[in-house]
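Chain by chain, the residues:
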Amino acid sequence: PDDEAFEVIAEEFGAKGPLAPGHPYAHGDPDAEPLFAALSETCLASASLGQVYKATTHNGRDLAVKVQRPGALRQCLLDG
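Structural notes, computed from the coordinates. None of the values given here were measured: they were computed from a predicted structure.

Considerations on the packing of aromatic side chains
Going through the model one piece at a time under the given rule, you end up with three aromatic pairs. Considering the side-chain rings of Phe6 and Tyr53, the 5.1 Å spacing of their centres and the 50° angle between planes classify their relative orientation as tilted. You can see Phe6 sitting in helix H1 (residues 2-13) and its partner Tyr53 sitting in strand E3 (residues 50-56), a full 47 residues away along the chain. Comparing Phe6 with Tyr53 shows no difference in burial state: the two are buried. Ring geometry for Phe13 against Phe36: centres 5.8 Å apart, planes inclined by 75°, an arrangement best described as edge-to-face. Taken as a pair, Phe13 in helix H1 and Phe36 in the loop between H1 and strand E1 (38-39) lie far apart in primary sequence, 23 residues in all. What makes Phe36 buried here is its relative accessible area of 4%. Ring-pair connections join several aromatic residues into one group, and the members of that group are Phe6, Tyr25 and Tyr53.

Have a look at this one:
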């Protein structure tokens, strides 16, 4: 599930290089600027609709990156 979430993060944020320095998820040009200064390797929280990761921006701001699971909205509509 983490790799799937990392793929969503990379696509949604338009990452051209790694998600963060030393992050295990390989994406894009390894020489390009990383999207974040740091990104947790596993989710901090998980639920049926998605996952949450901790990130740090290049200027030191901590963020919660929420990733909706693919198909979650459709499932909610079907359940509703």
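Quick word on the pairing of E3
The element E3 is extensively covered by neighbouring structure, given that five of its seven residues are classed as buried. Sheet analysis places strand E2 (residues 45-46) next to E3, joined by two bridges and oriented antiparallel. Paired with Ser46 across the strands is Gln51, a residue of E3. In the sheet, E3 pairs with strand E4 (residues 62-68) via seven bridges, with the strands oriented antiparallel. Its bridge partner lying in E4, Gln51 is registered against Val67. Hairpin remark: E3 followed by E4, antiparallel, with five residues in the connecting loop; positive phi at Gly60, about 90°.

Re the nonpolar core
Here is a general trend for soluble globular proteins: nonpolar side chains tend to be buried in one another's company. Core analysis: the largest hydrophobic core is formed by 14 residues, its most contacted members being Phe6, Ile9, Leu19, Leu39, Tyr53 and Val65. Secondary-structure elements contributing two or more residues to this core are H1, E3 and E4. A per-element tally of this core places H1 first, with four residues. Residue contacts for Phe6: discarding those within four places in its chain leaves Leu19, His23, Tyr25, Leu39, Ser40, Glu41 and Tyr53.

Cut-offs used in this document
Residues numbered from 1 in each chain as written. Predicted model: local features only at pLDDT ≥ 70, side-chain atom pairs only at ≥ 80, totals over all residues. Heavy atoms only, no water. Phe/Tyr/Trp six-rings, centres within 6.5 Å; stacked < 30°, edge-to-face > 60°. Helix = DSSP H or I, 4+ residues; strand = E, 2+ residues; numbered from the N terminus. Buried < 20%, exposed > 50% of the residue type's maximum accessible area, 1.4 Å probe, protein only. Pairing = 2+ DSSP bridges. Core = buried A, V, L, I, M, F, W, Y, C linked by side-chain atoms within 4.5 Å. Contact = heavy atoms within 4.5 Å.

These results come straight from atomic positions and should not be treated as a statement about function.
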